[in-house]
Amino acid sequence: MHCLKMNEYRCLSMQYEQSRGTHISDGSHLFQRQKLLIQKPSLQKMSTTVQIEYKVASTQLKTAYGTFDFQCFSWGPHEEDNVLCLSNLSNSPSPPICRLQSACYTAEIFRSLDCDCHEQLQSSLEHIAKGGGLLIYMLCDGRGAGLFTKTLGLELGRIEGLDTSDAYARLGVPQDPREYSRAAAVLRHLDIPRVRLLTNNPRKIAGLRDHGIEVQREALEICATTDSAEYLRTKAQKMGHLIQQFCEDKS
Ligand SMILES: [Zn+2]
């Protein structure tokens with residue numbers, strides 16, 4: 001087999017592109033660079049104004065749920081620096097429905113059964129496709145602790161019976177280290193100062209409010225299954241999630 005050197009590859013590639021009537025581009029004409037001033041809370045609860053810079057690439061995405069405007073907001077070179085937004089805002093009521101979800105690759109890609117993340121994502125996209133709104137998707141798994149830590153936690157659950165809260169405590173990891181400044185920046189970019197947030201997690205509400213977004217809560221409850229019941233019970237009883245099926249006070 002004849003081996004080509006790298007510059008020969010490049011040359012062949014260029015000839016191929018030229019033969020198709022196109023030219024090679026770095027795509028820089030396809031995205032925007034933005035600067036935005038946002039309020040950032042400090043430890044003393046005093047907010048400070050900081051300037052952030054990011055890039056935004058936009059396209060349309062036809063999905064099984066419907067067609068969405070799709071944007072990738074990029075804060076850096078790593079995949080977890082990207083925040084995705086799927087929106088259907090053309091005839092959305094105001095304030096729009098918003099789902100803020102962070103990645104759960106085990107359930108969303110591999111369909112693991114131990115949590116309700118896939119169903120929450122599916123239900124949100126169905127809702128937004130039909131009635132308008134937006135989904136902001138943060139590429140951080142394990143409630144912001146990362147997929148490696150999440151896997152350690154799952155194994156502690158399997159071999160020692162620890163729930164997700166106790167497993168994170170054993171690993172010395174905060175229960176929910178997610179941070180919402182980039183999600184708030186996405187809303188600011190889209191000129192959305194207030195949302196109806198589809199969530200059971202009070203920390204998400206507080207996280208957006210800390211960055212100046214007005215939030216009304218809309219419940220997003222998925223019926224527990226035999227496999228997901230323990231995880232949802234732990235979230236309700238140890239982590240303050242507003243899941244009616246497992247709240248001790250059901251009034
Ligand atoms: Zn999950």
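The structure contained in this document is the topic of the report that follows. Fair warning: this is a prediction, and the values are worked out from it, not measured in the lab. (Residues numbered from 1 in each chain as written. Predicted model: local features only at pLDDT ≥ 70, side-chain atom pairs only at ≥ 80, totals over all residues.)

Topic: the overall build of the protein chain
Okay, step 1: When helices and strands are counted, the protein chain shows eight helices and eight strands.
Okay, step 2: Here the contacts in the protein chain between residues at least 6 apart in sequence split such that 54% fall between residues at least 24 apart. (Helix = DSSP H or I, 4+ residues; strand = E, 2+ residues; numbered from the N terminus. Contact = placed C-beta atoms within 7 Å.)

Considering unusual backbone geometry
Okay, step 1: Geometrically, the link from S94 to P95 is a cis peptide bond, its omega value of -5 degrees lying close to zero.
Okay, step 2: Take P95: it is sitting in the loop between β4 (82–88) and β5 (97–102).
Okay, step 3: Backbone geometry at R143 places phi at a positive 50 degrees, although glycine is not the residue there.
Okay, step 4: Checked against the element boundaries, R143 lands in the loop between β6 (133–138) and α4 (147–160).
Okay, step 5: Overall, the presence of 23 C-beta atoms within 10 Å leaves R143 in the buried class.
Okay, step 6: You will see that D191, though not glycine, has its phi angle at about 60 degrees, which is positive. (Buried ≥ 20, exposed ≤ 12 C-beta atoms within 10 Å, placed from the backbone.)

So, helix α7 (residues 202–209)
Okay, step 1: When α7 is considered as a whole, its buried residues turn out to be K204, I205, G207 and L208. End-on view of α7: buried residues confined to an arc of 165 degrees, all on one side of the axis.
Okay, step 2: Here the buried face of α7 lies against β5, α6 (181–189), β7 (194–198) and β8 (214–218). (Arc of directions from axis to C-beta.)

Re helix α3 (residues 117–131)
Residue pairs three or four apart in sequence face the same way in an α-helix, which turns once every 3.6 residues.
Okay, step 1: Between its terminal C-alpha atoms α3 stretches 21 Å, which fits the 21 Å expected from 15 residues at 1.5 Å a residue.
Okay, step 2: The secondary structure elements touched by the buried residues of α3 are β4, β5, α2 (105–108), β6 and β7. (Expected span 1.5 Å × (residues − 1).)

Details of the pairing of β8
Residues in a regular strand point their side chains to alternate faces of the sheet.
Okay, step 1: Direction of pairing for β7 relative to β8: parallel, over a ladder of five bridges. Within β8, the position partnered with L198 by the bridge is E218.
Okay, step 2: Between the parallel pair β7 and β8, the chain is carried across by α7, and the sense of this crossover is right-handed. (Pairing = 2+ DSSP bridges. Right-handed = clockwise from strand over helix to strand, strands pointing away.)

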